[in-house]
Amino acid sequence: MVYAAHSTAIIDEGARIGDNTRIWHWVHVCAGAHIGEGCSLGQNVVVMNGVRIGNNVKIQNNVSVYEGVELSDDVFCGPSMVFTNVINPRSHISRRKEYKKTLVGRGATLGANVTIICGVTLGEYAFVGAGSVVTHDVPAYALMVGVPARKVGWMCQCGERLSDRDPSSCKVCGTKYRLEGEALRRIP
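Definitions and cut-offs
- Note that residues are indexed from 1 along each chain, following the sequence as it is written.
- At least 70 in pLDDT is required for a residue's local features to be given in this predicted model, at least 80 for side-chain atom pairs to be given and counted, and no such filter applies to totals for whole chains, interfaces and linings, which use all residues.
- Based on all heavy atoms of the structure, the side-chain values leave hydrogens and waters out of the count.
- To define a nonpolar core, start from buried Ala, Val, Leu, Ile, Met, Phe, Trp, Tyr and Cys residues and group those joined through side-chain atoms within 4.5 Å.
- Burial classes follow relative accessibility: with a 1.4 Å probe on protein chains only, a residue under 20% of its type's maximum area counts as buried, one over 50% as exposed, and anything between as partly exposed.
- Every helix listed is a DSSP run of H or I at least four residues long, and every strand listed is a run of E at least two residues long, numbered separately from the N terminus.
- Here, residues are in contact when the closest pair of their heavy atoms is within 4.5 Å.
- Paired strands are those between which DSSP finds at least two bridges.

Another aspect to go through is the nonpolar core. If you look at the biggest cluster of nonpolar residues, it comprises 47 residues, and the most contacted ones within it are L41, I53, I59, L71, F83, L110 and I116. Residue assignment for this core shows that the elements contributing at least two residues are β12 (69-71) and β21 (142-145). In contact with I116, other than residues within four places in its own chain, are M81, V82, F83, T84, T102, L110, L122 and V134.

Here it is in structure tokens:
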């Protein structure tokens with residue numbers, strides 16, 4: 001495998017890292033982590049054992065990706081955003097068998113300082129605004145903001161906000177969508 005890692009990075013034996021991935025200063029990739037091709041891990045990132053990261057994922061500085069988290073292809077994790085993996089942590093009680101799975105769908109964007117409470121699924125191309133706290137599943141293409149995060153609109157896969165009145169097409173790239181109840185679907 002051909003990837004680039006800064007001399008201060010720690011990559012444990014048994015970690016799998018795809019080609020053309022860039023690993024920056026003071027990153028720790030634990031044994032058993034699987035990182036895809038073309039990824040970028042910023043300074044002070046920690047990727048724990050058992051984490052699965054797809055291709056072309058960008059993880060900005062100061063993010064810890066804990067066991068139980070899976071990031072699909074093309075996910076963006078903003079600076080200092082937070083994943084959790086236990087609902088009710090206590091330092092004096094081991095909860096390792098209680099880790100909850102968190103799935104982040106393809107193309108999702110998690111803004112700076114977002115917190116993801118474990119056990120949720122974020123749909124493909126969801127967009128979570130900076131500082132939001134996600135406590136429940138997020139539909140595909142949803143624009144989520146606030147504490148707790150709530151849906152305030154829809155986002156195109158190109159990253160542009162869709163019209164609140166008519167989210168059937170993106171005015172920037174022309175991608176077509178269909179609203180089906182509370183879900184937005186891309187029309188191929």
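Another point: the environment of P167. Summarising the element assignment, P167 is placed in the loop between β22 (150-154) and β23 (176-180). Given a relative accessible area of 9%, P167 falls into the buried group. Distance in space between the C-alpha atoms of P167 and N61 is 33 Å, their sequence separation being 106 residues. Filtering out sequence-adjacent residues up to four positions away, P167 remains in contact with W154, L162, Y177, L179 and L184.

Let's shift gears to the pairing of β21. Pairing geometry for strand β19 (residues 127-128) and β21, over two bridges, is parallel. Looking at β21, one finds that V128 is bridged to M144. Bridge count for β21 against β22 is four bridges, and the pairing is antiparallel. Note that in β22 the partner of M144 across the bridge is K151. Following β21, the chain reverses through four residues before pairing antiparallel with β22; G146 in that reversal takes a positive phi of roughly 105°.

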